Each structure stands twice: as structure tokens, then as C-alpha cells.
Amino acid sequence: MLNVENIKKVFGKGTPNEKVALENVTFKMNEGDFITIIGGNGAGKSTTLNAIAGVFMIDEGKIEIDGTDITKLPEYKRSKYIGRVFQDPRMGTATNMTIEENLAMALRRGQHRGLKRGITNAEKSKFREYLEMLDLGLENRMTTKTGLLSGGQRQAITLLMATMTKPRLLLLDEHTAALDPKTAQKVLELTEKIIRDDKLTALMVTHNMRDALKLGNRLIMMNTGKVAVDVQAGEKEGLHVADLLKLFEKASGGRGISDRMLLS
């Protein structure tokens, strides 16, 4: 389904600030895989997601979705395959638009934009059903501007927007990191439910080792722009944080483990 093959990215090439952000990153995802990616700061986790999404062009390697080479496609053309939720809740929604307007924009992503009437009653009914699933009372606030909502509410809506058209690949970039623990847990539960019910293929970056172990069927640990450990489906069950640390220490010599990872 997703093939990431020997991708490399160097920022500031040829300057004193040159940094190899990704080096020969390779992995494959099968249909329905839910992979959690963990690693310390600067390990290359978010950079990998950005490379797949097309935020920048990679220097070497290949990225394919369903056998289609998307390596040279710009970000906007990859959006028909990819749904994404960012760390910052403000990035996923248009602040001055209402909840229903944001959902309508997401529903029509990739469609031809011509002259047409506004949000239909059928669409409003569909949006209400989606919002009821969140159990946040937002189905009764569809005309509220998203800028007036809490971070958790906005992130939950962003999650809906990213998944309502069933993308081939869902990218989650530490999407609960900016939320308080209780709200983060709620959003994670919603994430797991949507991925399971819609049978989505997903990549989730996290700093939290327990979440990385609990969620998904596979786990990748990154260090210094490389894949250090790839725990395949079936091998992840029964692993604990201590086991994960041993695997990481063996692969990286203990380098790249941050305090944030250890305390999570």
C-alpha cells in the first residue's frame, strides 16, 4: 500500500548548517496497518511524515502509494490520497469558518469547485451524525466558529475532517501533544475508533512510549534520521516500555532517548 524506499533529505546542503534529516529511510505498509513512530527530538519522525505528505521534495529515494509513484508530486496533488492531523489544533481548521463550513470544505476536498449552492440539508444531517460520534455536544453547535472552540474540540473536528472521505493514508503528527492529558486520551480513543471502524491505514508519530505500544499493530523507532527498530505485526504484543528501551539501546547505543520519552 505505502512503499517508502531509501529516502534521504538534507537541509541546508552545502552550508555550515547542513543537516542530514533523513538517511535511507525504508519501510512498507500493508493495507490496514496502523504504525506508531517513536524517537527522540530530531530523530526524523515528523520529517518522515512531511516527506510522505510532500511538504518538501526528497533528495533521494522513492515514495509510492498503491503502486503509484508520488515522489515528485506536489503536496496538493497528494492530498487526494492522504489525510493529516497536525500537532497544533489551530492548523487543521479555518478559525473564522463555522464547524459545518469546515466539514463541508473537507468533504469536497479534491472535487471540482464550480458555482453551487451552499451546504445542503443532506450534508448537514451527515455532519450531525459525525459530530454525535465525538460525544462532545458539537452537533448542537454547528454554526459556531471553530476559533471559539477549545484545542481538544478543534483537534477532534480536524480528525473528522481528515478521515471523513476515507483517505488511503492517514498521517497523525503528535496530534495529542498540545492537549491536556484527559482531552488527549479522549482524542486518542476517537482516533483508534475511527481507524478501526473505517479500516484506515495510518502512521502516528508520538513521544509517548505507552501510547506507541498500546495503539496500532506495528511500531517503528527512529534515531538520527534512520529507522533504528521496526517491530512487525505480531511481535508488538506483550512488549513493555522496558522491552522497548532495550531494543532501542541495542540499535542506537542508547543515544537519542529523550527525557520526554522516558517520562511519558
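Criteria and thresholds
- Residues numbered from 1 in each chain as written.
- Predicted model: local features only at pLDDT ≥ 70, side-chain atom pairs only at ≥ 80, totals over all residues.
- Heavy atoms only, no water.
- Buried < 20%, exposed > 50% of the residue type's maximum accessible area, 1.4 Å probe, protein only.
- Helix = DSSP H or I, 4+ residues; strand = E, 2+ residues; numbered from the N terminus.
- Phe/Tyr/Trp six-rings, centres within 6.5 Å; stacked < 30°, edge-to-face > 60°.
- Axes fitted to C-alpha atoms, helices over the stretch in contact; angles between N-to-C directions.
- Parallel < 35°, antiparallel > 145°, perpendicular 65-115°, else oblique.
- Contact = heavy atoms within 4.5 Å.
- Nonpolar A, V, L, I, M, F, W, Y, C, P; charged D, E, K, R; others polar.

Some details on helix α3 (residues 99-107)
Right, on to step 1. Extensive coverage of α3 is indicated by the burial of 7 of its 9 residues.
Right, on to step 2. Taken together, the buried positions of α3 are occupied by Ile99, Glu100, Asn102, Leu103, Ala104, Ala106 and Leu107.

Focus: the packing of aromatic side chains
What characterises a pair of aromatic rings is the spacing of the ring centres plus the angle enclosed by the ring planes.
Right, on to step 1. Taken as a whole and judged by the stated rule, the model has 1 aromatic pair.
Right, on to step 2. Here phenylalanine 11 and phenylalanine 56 contribute two aromatic rings whose centre-to-centre distance is 5.3 Å and whose plane-to-plane angle is 85°, an arrangement assigned as edge-to-face. Of this pair, phenylalanine 11 sits in strand β1 (residues 2-11) while phenylalanine 56 sits in the loop between α1 (45-53) and β4 (60-65); the two residues are 45 residues apart in sequence, bridging distant segments of the chain.
Right, on to step 3. Phenylalanine 11 sits in the partly exposed class, given a relative accessible area of 33%.

What about the packing of α3 against helix α4 (residues 121-134)?
Right, on to step 1. With their axes 10 Å apart at the nearest point, α3 and α4 run at an angle of 100° to one another. Of the possible angle classes, the one that applies to α3 and α4 is roughly perpendicular. On the side of α3, the interface is formed by Ile99, Glu100, Leu103, Ala104 and Leu107, while α4 contributes Glu123, Lys124, Phe127 and Leu131.
Right, on to step 2. A breakdown of the residues in the contact of α3 with α4 according to their chemical character gives 6 nonpolar, no polar and 3 charged.

Re unusual backbone geometry
Right, on to step 1. Its identity is not glycine, yet lysine 166 carries a phi of approximately 55°, on the positive side.
Right, on to step 2. Relative to the assigned elements, lysine 166 resides in the loop between α5 (151-163) and β7 (169-173).
Right, on to step 3. Taking relative accessible area as the criterion, lysine 166 reaches 42% and is therefore assigned partly exposed.
Right, on to step 4. Even without being a glycine, threonine 224 presents a positive backbone phi close to 45°.
Right, on to step 5. Here threonine 224 lies in the loop between β9 (218-223) and β10 (226-231).

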